[in-house]
Amino acid sequence: MLRPCSGTNWGFWLLDKPATWSSFDVVRAMRKAANDGRIGHAGTLDPMATGVMTVFLGQATRLVPYLCAEDKIYEIELEFGRATETDDREGPTVAEAPTSHLTEAMLLQALQTFVGPQLQRPPKVSAIWQDGKRAYALARAGKDFELEPRPVEIYAIEAVKVELPRLSCVVRASKGTYMRSLARDLGEAVGSAAHLTALCRTRVGSFTLQDAVVLDEARRDPWGAMRPAFEALPELPVIELSVPELRDVMFARTAFLAKRHAPGRYRLSPDSEQRLIGLLDITEEGKTRLKLFEKDEALMGR
């Protein structure tokens, strides 16, 4: 049988992050619960935020870049009339602005101007590296700096409640999109100021908030709450491999798979087993790129 390279359990937790906890707090709690330091997460949430957070253990941490790249859906609330240092309710006020001219029609129209590809300036209080340090550390030290705008895409925005000076929306966006920046920029776009007052991430890729477990439950029973790595990318098709084919894959001989399957990304699994052995990319030119997660010494003749 194939065994994880690490020789231990590996997989991921789909969590509903509680408010006031930082993403690092969540990782630290799950590291302690699992008694294993090889833990990483796919997508930071600010302490005030709640919602879907994926935390990976062992070899499964190699899946983090793939989950980070998935689209995300947020339920957000923002308030007009005040800009803050952090672009959310946690930071001190840096400016106040009028709101009496705002109308529901104006806000709905302005929202749609943010749909599509764009360059977005991240909040200064963020974990982005700037001059060898985290931006939040520079901001807290009173340093004067500007973060470069980054390409993001907002696929859809739907206003669900307008009770001026507050606005609630559902936003579907690409990786790297800051809801705090959206609030800040929307305020400026309508001749006012705004900051984020609430955020819940309700979906990451195929995973919804309804699928998640609360953090306390996962801490009490980490192995019972853990999902197998095979389920981390459910949208990817599966190639089931026979024992001879597994042996070829162990030695990175994968060209034969490009002849049988269309270009794209695939999960590799032993025949009739739902277990992730690796990921395989097949290019339009018929080339293959393999990321192997498990090895079997017997199959490799060692």
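Let us look at the structure shown here. On a predicted model such as this, the values are computed, not experimentally measured, just so you know.

**With respect to the overall build of the chain**
- When helices and strands are counted, the chain shows nine helices and 21 strands.
- Along the first, second and third principal axes, the C-alpha atoms of the chain reach 75 × 45 × 40 Å.
- A burial count over the chain gives 47% of its 302 residues as buried.
- Only carbon and sulfur atoms are counted for the fraction: they give 49% of the accessible area of the chain, which is about 14900 Å².
- Of the charged side chains in the chain, 40 are positive and 41 negative, and the gap between their average positions amounts to 7 Å.

**Quick notes on the environment of Glu235**
- Tracing the sequence through the fold places Glu235 in the loop between strand 16 (227-228) and strand 17 (238-241).
- Glu235 gets classed as partly exposed once you look at its relative accessible area, which sits at 39%.
- In this structure the C-alpha to C-alpha distance between Glu235 and Tyr266, which are 31 residues apart in sequence, comes to 9.4 Å.
- Leaving out residues up to four positions away in the same chain, Glu235 has contacts with Glu70 and Ser206.

**Description of the environment of Ala193**
- Examined against the element boundaries, Ala193 turns out to sit in the loop between helix 5 (179-189) and strand 13 (194-204).
- Each residue touching Ala193, except ones within four places of it in the same chain, is listed here: Glu79, Phe80, Gly81, Arg82, Ala83, Ala97 and Gly187.

**Things to note about the pairing of strand 18 (residues 264-270)**
- Here strand 18 lies mainly inside the structure; five of its seven residues are buried.
- Where strand 18 meets strand 19 (residues 278-282), five bridges bridge the pair, whose relative direction is antiparallel. Opposite Leu268, over in strand 19, you have Gly278 as the bridge partner.

**Digging into the nonpolar core**
- Core analysis: the biggest nonpolar cluster contains 40 residues, and Trp13, Leu15, Ile76, Phe80, Val171 and Met179 have the highest contact counts within it.
- Setting aside residues no more than four positions away along its own chain, Phe80 makes contact with Thr99, Leu102, Leu107, Pro165, Leu167, Leu186, Gly187, Val190, Ser192, Ala193 and Ala194.
- Leu14, Ala42, Leu67 and Leu276 belong to the second-largest nonpolar core, a separate cluster that totals 22 residues.

**Side note on the pattern of salt bridges**
- Per the counting criterion, the structure on display carries 15 salt bridges.
- Arg166 is paired through a salt bridge with Glu79; the nearest N and O atoms lie 2.8 Å apart. You can see Arg166 sitting in strand 12 (residues 166-173) and its partner Glu79 sitting in strand 5 (residues 72-80), a full 87 residues away along the chain.
- Assessed through its relative accessible area of 34%, Arg166 is described here as partly exposed.
- With a shortest N-O distance of 3.5 Å, Asp216 and Arg219 are connected by a salt bridge. With a gap of three residues between them, Asp216 and Arg219 both fall in helix 6 (residues 215-220), about one helical turn apart.
- Residue classification places Arg219 among the partly exposed residues on the basis of a relative accessible area of 37%.
- Taken together, the salt bridges that share partners define one network made up of Glu77, Glu79 and Arg166.

**Digging into unusual backbone geometry**
- Here the residue pair Leu164 and Pro165 is connected by a cis peptide bond, since its omega of 15° sits within 30 degrees of zero.
- Checked against the element boundaries, Pro165 lands in the loop between strand 11 (150-163) and strand 12.
- You will see that Asn35, though not glycine, has its phi angle at about 55°, which is positive.
- Its location among the elements puts Asn35 in the loop between helix 1 (23-34) and strand 3 (39-41).
- Within the chain, Ala252 stands out as a residue other than glycine whose phi angle is a positive 60°.
- Counting through the fold element by element, Ala252 comes out in the loop between helix 8 (243-250) and helix 9 (255-260).
- What makes Ala252 exposed here is its relative accessible area of 52%.

**Considering the layout of surface pockets**
- Estimated volume of the largest pocket: approximately 1200 Å³.
- Lining the largest pocket we find 40 residues, and of these Thr44, Leu45, Asp46, Ala127 and Tyr178 sit closest to its centre.
- Tallied by class, residues from the lining of the largest pocket come to 20 nonpolar, 10 polar and 10 charged.
- Looking at the second largest pocket, its volume works out to about 240 Å³.
- Taken together, 16 residues form the lining of the second largest pocket, with Thr84, Asp87, Val94, Arg121 and Arg184 sitting closest to its centre.
- For the lining of the second largest pocket, the secondary-structure elements that each account for two or more residues are strand 6 (82-84), strand 7 (93-96) and helix 5.
- When the residues that make up the lining of the second largest pocket are grouped by side-chain class, the tally is seven nonpolar, two polar and seven charged.

**Some words on helix 8**
- Buried within helix 8 are the following residues: Glu245, Leu246, Val249 and Met250. For helix 8, the angular spread of buried residues about the axis comes to 145°, placing them on one side.
- Next to the buried residues of helix 8 lie strand 17, helix 9, strand 18, strand 20 (288-292) and strand 21 (294-295).
- Count one or two residues on from helix 8 and you reach Ala252, which has phi positive near 60°.

Calculation notes
Residues numbered from 1 in each chain as written. Predicted model: local features only at pLDDT ≥ 70, side-chain atom pairs only at ≥ 80, totals over all residues. Heavy atoms only, no water. Helix = DSSP H or I, 4+ residues; strand = E, 2+ residues; numbered from the N terminus. Buried < 20%, exposed > 50% of the residue type's maximum accessible area, 1.4 Å probe, protein only. Areas by Shrake-Rupley, 256 points an atom, 1.4 Å probe, with all protein chains shown as cover. Lys, Arg positive; Asp, Glu negative; His and termini not counted. Charge placed at Lys NZ, Arg CZ, Asp CG, Glu CD. Contact = heavy atoms within 4.5 Å. Pairing = 2+ DSSP bridges. Core = buried A, V, L, I, M, F, W, Y, C linked by side-chain atoms within 4.5 Å. Salt bridge = Lys/Arg side-chain N within 4 Å of Asp/Glu carboxyl O. 1 Å grid on protein atoms, 1.4 Å probe; cavity = no way out; pocket = protein on both sides within 12 Å on 5 of 7 lines; lining within 4 Å. Points joined across faces, edges and corners; volume = space filled by probe spheres on them. Nonpolar A, V, L, I, M, F, W, Y, C, P; charged D, E, K, R; others polar. Arc of directions from axis to C-beta.

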